[in-house]
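Structural description and commentary
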Amino acid sequence: MGIKILGMGSYLPEQTLKNDDFTRFVETNDEWIRTRTGIVERRMAGWEPVWYMGSEAAKKAIAQAGISPEDIGLVIATTATNDFHTPSVACMVQSETGAVNAAAFDMNAACSGFVYAFDTAHRFLATDSSLKYVLIVAAEALSRFLDFGDRSSCILFGDGAAAAVVEYSDTLFTSGLGADGSGGRLLYARAVGVAEEVKIDSDFDDGFPEKRLHKLYQDGKEVYKFATKALPKAFHLAADKAGIAPGDIDWFVPHQANIRIIETAAKNLGAPMEKFIVTLDHYGNTSSASIPLALCESVEKGIIKRGQKLALIGFGAGLTYAGAIFEY
Ligand code: UT7
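Summary of the structure given here. (Residues numbered from 1 in each chain as written. Predicted model: local features only at pLDDT ≥ 70, side-chain atom pairs only at ≥ 80, totals over all residues. Heavy atoms only, no water.)

Regarding the site of the ligand
Surrounding the ligand, one finds 22 residues, the nearest of these being T28, R151, K221, N258 and N285. Within the side chain of Q218, a nitrogen or oxygen atom sits 2.9 Å from a nitrogen atom of the ligand. A distance of 2.9 Å is found between an oxygen atom of the ligand and a side-chain nitrogen or oxygen belonging to R260. Relative to its unbound accessible area of 950 Å², the ligand is 75% covered by the protein chains. If you list the elements that add at least two residues to the shell around the ligand, you get α1 (30-37), α5 (151-154), α7 (220-239) and α8 (259-269). The biggest single contributor to the shell around the ligand is α7, with four residues. Looking at the shell around the ligand, its residues break down into nine nonpolar, eight polar and five charged. (Near = heavy atom within 4 Å. Polar contact = N/O pair within 3.5 Å; in protein donor to acceptor, adjacent residues only side chain to side chain. Areas by Shrake-Rupley, 256 points an atom, 1.4 Å probe, with all protein chains shown as cover. Helix = DSSP H or I, 4+ residues; strand = E, 2+ residues; numbered from the N terminus. Nonpolar A, V, L, I, M, F, W, Y, C, P; charged D, E, K, R; others polar.)

Shown next, in the form of structure tokens:
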């Protein structure tokens, strides 16, 4: 069995941050950021909480799907940047959208989050025939965890949300999930509160590199190496189970981290760059929201069409990686 996306929606924060704006905080320039990452601008949440962005995206997805929110049986939200330790983003979205009959939980697989949730939604739909629709919401506000004094990381990320309503379908679906926790220390942000207790009030060394309290730390070079390998690996994890080759795919929708990662991975996969959806130039890296934002925009623009075979490929902190192949 497969999965069908009935409707999608997105929410982007009002504020836009252009590359040149970063010269106010760090020594950088537009040319370096464009050529080393492909990013030109990104959105930045100001007053918008993560649950609000997620709920707005979800309302649009539900409207486009043309369903009643009461028929949604499950809300899965993906985020690494929740406003609260509890309640979950999923519970907030459930309430805001009127999905009163839905169970709700969050998943944190960082930038692979949406693909992990897509796979999970598929499993729920496959094993529970009473479940009609699953709402998947990816919402992130990475800017709240960025160290705006670290030029190699603060220029990469952006904020935003996207959502999809999915149902059971008798079409192609294959997926694969993976993780390498030994790379956890390469890309992390400590929880607020824990930061003070563990790093300041004790001598315990947890092995995580020193960083400004809860701000994001990244070993860019190591994560880059991981990412270029993880992307083809995640594709094959899903594709090989179903005997699918890169040439069978109409569109690859990869996590939007760095254009050079996508180009290298495309080469490694033996697939032409023209088949890769790229939106990182205007959104930056929005973690788990990056794949559904790219998907949503490409559908709205008429680039991705019904019946085409898509490969969603996530990779990121954790470290995690995931691939899902399905018919749009
Ligand atoms: O979603 C999670 C996944 N995250 C990623 O996929 C990120 C993976 N990593 C990367 O994309 C790249 O490693 C970065 C974009 C973070 C860095 O690019 P790089 O080509 O690996 O640069 P680098 O770290 O080798 O730095 C080269 C130079 C350094 O200067 P020196 O030491 O050669 O004098 C950096 O200090 O570029 C400097 N640099 C900058 N210069 C201007 C680093 N950041 C900047 C900047 N502006 N923003």
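Digging into the environment of S182
Residue position: S182 is located in the loop between β8 (173-179) and β9 (187-188). Given a relative accessible area of 66%, S182 falls into the exposed group. Sequence separation between S182 and G318 is 136 residues, and the spatial gap between their C-alpha atoms is 8.2 Å. Polar side-chain contacts of S182 include one of 2.6 Å to the side chain of D180. (Buried < 20%, exposed > 50% of the residue type's maximum accessible area, 1.4 Å probe, protein only.)

Some thoughts on the pairing of strand β6 (residues 133-141)
Along β6, nine of the nine residues are buried, which leaves the element largely enclosed by surrounding structure. Here strand β4 (residues 72-78) pairs with β6 via six bridges, running parallel. When the bridges of β6 are listed, V75 appears paired with L135. Across nine bridges, the pairing between β6 and strand β7 (residues 159-169) is antiparallel. Across the sheet, residue A138 finds its bridge partner in β7, namely A162. (Pairing = 2+ DSSP bridges.)

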